[in-house]
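# Residue-level structural notes
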Amino acid sequence: MRRKNSSIKASTDTLGDNRRPLLTYIKGIHASLNPTDRLIADCVLADPERVITSSIAQLKDDCGASVGAIVAFCRRVGLTGFAEFKIALARDLAQSGLPAGQTQESGSLLEKVFGVHAQSLTETLQINPPAQFEKIAQAIDKSRRVELFSIGLSYPVAHTAYCKFLLLGLQASAHFDSHIQLIAATQLEKGDVAIGISLSGTTRETVECLEVAKAKGATTIGLTNAMKSPITTHSDYCLYATPSEIKYFQAPLASRVTQLALIDALFVFLALKHKSRTAAKLQASGEELVKRKIE
């Protein structure tokens, strides 16, 4: 894979620039952290209330990292030091109104699953600035064509986006085969939009397609659950779905829901922008589809 422009775009993904919730941001960059930073992050995520009331020496003992490493970690998430880190953490917990460091243990399984989805949707809303979302929607609206790249369990999200864009009359494609996706990426040009969807942000095939599309002059958009991941390096714009800690078949439970919610938001934005055109296309589609219903 090409290695041009391989530096991570920290300037657009730091907490300080977008005022993202601190805990959600730490979850989002967790996979990209080095082993020492991951120790600190795990300690913070496990019991943030304890961190707020701890000195830096106490956090050092809890996580096993040095004082210098803790200060460097605070700066890595966009804060000046441990004191500002604790203030941001306290503000984060106060705004969330949720018990820190704990998940709901009571209630039925159904309630727990729905609770995870609800929390993930709330966090996803918090980490995507409206201005960034509108820029992405406008780029799609003005594009000549939209090509979606994704494989594995993320592919259904890409296919759903393709179907919704098709309803709006957009020229969109979402090929299933990764080799055909790469061929499609080579045929993009200025005025086209390439959207890569990857939960981990490290899927080689998807990242490579975005890299090729960007080199051809297309506007690139990444949809991922991992901030500061390789896919963000080759994305002009990024949408972030919050990570989920509950896993089934090694795939986070709520991640698909949050990705689909972002796709739905793009669909609604574009549909409302062109109300008359959208209504006409939906009516025409509906009239043909109703003919297939069995009486």
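Heads up: the structure comes first, above all this text.
Scope of this entry: the structure provided in the associated data block. (Residues numbered from 1 in each chain as written. Predicted model: local features only at pLDDT ≥ 70, side-chain atom pairs only at ≥ 80, totals over all residues. Heavy atoms only, no water.)

## A look at the pattern of salt bridges
Taken as a whole and judged by the stated rule, the model has 10 salt bridges. For the salt bridge of aspartate 236 with lysine 214, the shortest nitrogen-to-oxygen distance reads 2.3 Å. Separated by 22 residues along the polypeptide, aspartate 236 in the loop between helix H14 (230–233) and strand E5 (237–240) and lysine 214 in helix H13 (residues 204–215) bring together distant segments of the chain. What you see here is one network of salt bridges that share partners, running through Arg144, Glu189 and Asp192. (Salt bridge = Lys/Arg side-chain N within 4 Å of Asp/Glu carboxyl O. Helix = DSSP H or I, 4+ residues; strand = E, 2+ residues; numbered from the N terminus.)

## Examining the packing of helix H4 (residues 35–46) against helix H6 (residues 56–63)
Between two packed helices, the angle of one axis relative to the other and the distance separating the axes together describe the packing. Following both chains from N to C, one finds H4 and H6 inclined at 105°, their axes separated by 9 Å at the closest point. Considering their axes alone, H4 and H6 lie roughly perpendicular with respect to each other. Listed contacts from H6 to Leu39, Ile40 and Cys43 of H4 are Leu59, Asp62 and Cys63. Residue composition of the contact of H4 with H6, grouped by class: five nonpolar, no polar and one charged. (Axes fitted to C-alpha atoms, helices over the stretch in contact; angles between N-to-C directions. Parallel < 35°, antiparallel > 145°, perpendicular 65-115°, else oblique. Contact = heavy atoms within 4.5 Å. Nonpolar A, V, L, I, M, F, W, Y, C, P; charged D, E, K, R; others polar.)

## Notes on helix H11 (residues 155–167)
When the terminal C-alpha atoms of H11 are compared, their 19 Å separation across 13 residues agrees well with the 18 Å that a helix rising 1.5 Å per residue should span. Of all the residues in H11, the buried ones are Tyr155, Val157, Ala158, Ala161 and Phe165. Looking down the long axis of H11, one finds its buried residues gathered within 160° of arc, a one-sided arrangement. In this structure, the buried side of H11 is in contact with helix H10 (130–142), strand E1 (146–149), strand E2 (172–173), strand E3 (193–198) and helix H15 (255–273). Among the residues trailing H11, glycine 169 stands out with phi positive, at a value near 85°. (Expected span 1.5 Å × (residues − 1). Buried < 20%, exposed > 50% of the residue type's maximum accessible area, 1.4 Å probe, protein only. Arc of directions from axis to C-beta.)

## Some points on unusual backbone geometry
Positive phi outside glycine occurs at lysine 228, with the angle close to 60°. Residue placement: lysine 228 occurs in the loop between strand E4 (219–224) and H14.

## A word on the packing of aromatic side chains
All told, the structure shown has four aromatic pairs when counted by the stated rule. Taking 6.4 Å as the distance between ring centres and 15° as the angle between the ring planes, the aromatic pair formed by phenylalanine 82 and phenylalanine 85 counts as stacked. Of this pair, phenylalanine 82 and phenylalanine 85 both sit in helix H8 (residues 82–96), three residues apart, which is roughly one turn of the helix. Judged by its relative accessible area of 9%, phenylalanine 82 falls in the buried class. Residue phenylalanine 85 is classed as buried on the basis of its relative accessible area of 1%. (Phe/Tyr/Trp six-rings, centres within 6.5 Å; stacked < 30°, edge-to-face > 60°.)

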